[in-house]
Structure formats: structure tokens, C-alpha cells
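# Overview (structure and organization)
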Amino acid sequence: MLKKNRIVLLMAGLALICCLPAQAVEFKTGGVDWVLNGSLRTQTFYQFSDRGDNSEPGRASFILETPGNSWLRAAVSYQKIAAVMEIGLAFNNGDDYSFGAGVNENRYLRHAYVTYDLDGGYQVLVGRTWSLLALDGPQQRLAWDNGLWGAGDLFAFRHEQIQLSHKGEKVTFKVAIEDNFREDQLKYNNNFGLPRQYTTEDVFPALLASVSYSDAGFTLSPSGFIQSYKLKGQSKSVDDVTVTSYAGALNGGYKGEAFGLSAEVWYGRNIYMDFAEANIDEHNGYKLQRYGASTIMGKPIADATGTDIVDVDSVGGWLQLALFFGKTTVRTGAGYQQSETGLDGAAYEDRVHTWGVYANVEYPLFQTFRIIPGIAHYNWGQDAYKNRFGMGKNDLGNDTFVGAFFQYDF
């Protein structure tokens, strides 16, 4: 009841404020510039689920909820220094958000960073914000504002970092260091199935870099990531295990008056950390993402000896077409990803894959209040274990979402 009351209040608030002037609050005190703004989001849709070979039956469910990414932001700047604090508003009752610092069931920390402008177009950033890997994403809005997570979109999320950037007339270059994302930070904490006991040693931080080129409506943005850490044996008889992950992505697109085209292709090794959020199996009571899967895509596993890991390679990408008709934007897109399993033998698939397709229409009803009706379909492929559901059955099924996304920015 508490959760439903919050959603009703949010919808009522949206109905009220969409008639008010859509404007961020800006003011200056003592030479310091302040900007306060935010975004309120909710969605309603039907989910039609086919559980494949799983014995649990499919179902049709009606969902009215907030996707968890509404936010309030405060930005302050003075001469060459600026700072941003952005708090996410989940509006949910009892959800377990594993997004990082400052988490509880109603609010969490999205961005918190300080920047300092250097001479010659250089800037230093310290704090929590988007990682530099594959920054662009498709505009699939239904089912937790999903954006094809787990079905083609390489989503690196937000992390604490130290970043140096240089912005030129057409080219922007960025490099950053982050804390390593380790196995002990994941939901499935078993050191990849290695049977012995280890402690974790970080030798180097994670390194990221991106280059963005933009001219005459065209954009091209390659980016890369690498990290490595060590699982150190707790006895002299246990060999250390080095876990190395890396990925490269290429984003590009074109935007004209009548249409826009955007795409991403990527390749990576042991990039389970970026797929961790793409394997969430429940949100607000409805199942989402590779339901019933026995493995996480892109995650290395212990080898046959139990003394080392088998590296796992993954590839994927997505494509989106947008058509512009005055204020209305029509989008359609698709994504695909494939990952090795690291498993050998007739009982296992050597690769698993997922894919998704979607279409939606975005229209601003009142100033910056947008409604985005759409449809999305996800196919979760097959489980790595061919006998996952018995009798040689391992189809993980699919999900179809039909509904509308509402967003008010101010």
C-alpha cells in the first residue's frame, strides 16, 4: 500500500507540475552560480513472459511504477571550479538497489564530483560520474528504463574516478582511473568457482579512455577499458590467480533534420562487471533479464584443475534509427550480444547469446513533460548448461513489454 500511495502521489505531482513553467532554478550569490533542477519519471506497462523450458509458467502482468532513476541535481560554479551533486529518487518500497554509495530504498547517489578548468581546454574531474566506456546508449525506455541492458548495450554505469579531459573544436579526449571492480563486489561471490581460499590484491587501478569526434552532424567515439587484480592464495601451496578484464567499444551516429542513426559495436574479455546489472532477475516483483540462467554472461570460470580461471570473450552491439516529425520522434532499434561460456564438453553450450528489439514514439505534451509509448521484446537465448531444465532443455524464454514511459524535466 505504501508503494502504491507513493506512485499515486508522484503521478498527481506530474499532472500538476506539467502545467507549470518548466524551468530550472538559477541564481547567484557572492559571485557563485547555482543551478537546481531535476527529472521525475514513471512508467506503466504490461509484461508478457514466456519462460521457455523452465517449469514455471509464463504470465501477463500489469505494472505501474517508477523505474528508480528520477533525480534532483544541484550544480555550483565559481570561476574555474564547479561541483555537481545528483541524488536519485527511487520511490519504491523495499527494493534492493546495488548501485553504490549512499543507497537505501528511497534515494541513492548518482553523481557527486568536482571539476577544475585548466588552461588550453583541459579539465580535471574528481568524484562519481559516468564511466568512459561506451557512453552512448539506445533509447529503449520500458522495463526499468532499460536501454537494451543485457541484450546488446555495453553499460558501464557510474563509478568514482579521477578524470582528465581536453576539449577541442571537434575532438574531445578523456582518460580516467577507477577502483577495480572485483569479484567480491558481485552478488555471486565465489571467486569464479575456484575451490581454494584467496584474498584480493589490487596492483593497478582500472584505466579508461575515450575520444569523441563531432562534425556536420556526424559523431564517432571509440573508447576502451582495462583492469587487473590478483587473487592471492592464503597458503604457500596455493598459486595466485590474476584476473584481467578489458573492453573496446565504438559508438557513432548521424543526426540530420529528418532522421538520426546511431550504433555501437564492442568486444571484451571477462567483462562480467558490466553485465552484473544486466543479470538482475527481479525488480518490483516482475522478473527481468535472463531469468533462470545458471551463469553470468562474460564472467570467467574456474578451469578443470581448479587452480586458474578460463578467460571468457564477449561481443555485441546495437543499432537505432530515429525519425523526426516536428516535435514527435519515432525510434526503432535492435541489439545483440554473445559470450563464450568457458565450459567444455557435450553437456554445455560453448557460447550463449541474447537479443532485443524495440520501437517507441516520443512526444512532448506540455513543455518538457514527455510521454513515450512503446514496445520492447527480449529473447534470453539458451542456458550454458544444456540440461538446465532436464531432458536436454535449456531455453530461457523471452519477455515482451507494452506500455508508456512518462518524464518531466525541470
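Residues numbered from 1 in each chain as written. Predicted model: local features only at pLDDT ≥ 70, side-chain atom pairs only at ≥ 80, totals over all residues. Heavy atoms only, no water.

Structurally, the position occupied by asparagine 180 is in the loop between strand E9 (171-178) and strand E10 (198-202). Separated by 23 residues in sequence, asparagine 180 and valine 203 have C-alpha atoms that sit 9.5 Å apart. Of note is the side chain of asparagine 180, whose polar atom sits 2.9 Å from the backbone oxygen of phenylalanine 204. (Helix = DSSP H or I, 4+ residues; strand = E, 2+ residues; numbered from the N terminus. Polar contact = N/O pair within 3.5 Å; in protein donor to acceptor, adjacent residues only side chain to side chain.)

What follows deals with the packing of aromatic side chains. Inspection of every chain in the model, using the stated rule, returns 19 aromatic pairs. Between tryptophan 130 and phenylalanine 157 the ring centres are 6.4 Å apart and the planes differ by 80°, which places this aromatic pair in the edge-to-face class. You can see tryptophan 130 sitting in strand E7 (residues 122-130) and its partner phenylalanine 157 sitting in the loop between helix H2 (142-145) and strand E8 (158-167), a full 27 residues away along the chain. For tryptophan 130, a relative accessible area of 32% puts it in the partly exposed group. The class for phenylalanine 157 is buried, based on a relative accessible area of 6%. (Phe/Tyr/Trp six-rings, centres within 6.5 Å; stacked < 30°, edge-to-face > 60°. Buried < 20%, exposed > 50% of the residue type's maximum accessible area, 1.4 Å probe, protein only.)

This part takes up unusual backbone geometry. Positive phi, normally seen in glycine, also occurs at glutamine 79, with a value near 55°. Position of glutamine 79 among the secondary structure elements: in the loop between strand E4 (70-78) and strand E5 (81-89). Its relative accessible area of 69% is what places glutamine 79 among the exposed residues. The phi angle at methionine 391 is positive, at roughly 55°, despite the residue not being glycine.

Below, the discussion takes up the pairing of strand E13 (residues 241-255). On a regular strand, each side chain points to the face opposite its neighbour's, so the side chains alternate between the two faces of the sheet. Two elements, strand E12 (residues 218-233) and E13, share 14 bridges in a ladder whose sense is antiparallel. Directly across from tyrosine 229, in E13, lies its bridge partner valine 243. As defined by bridge partners, E13 adjoins strand E14 (residues 259-269) across ten bridges and the pair is classed as antiparallel. Of the residues in E14, the one forming a bridge with lysine 255 is glycine 260. Taking the residues that link successive antiparallel strands as the turn, the E13-E14 hairpin has three residues. (Pairing = 2+ DSSP bridges.)

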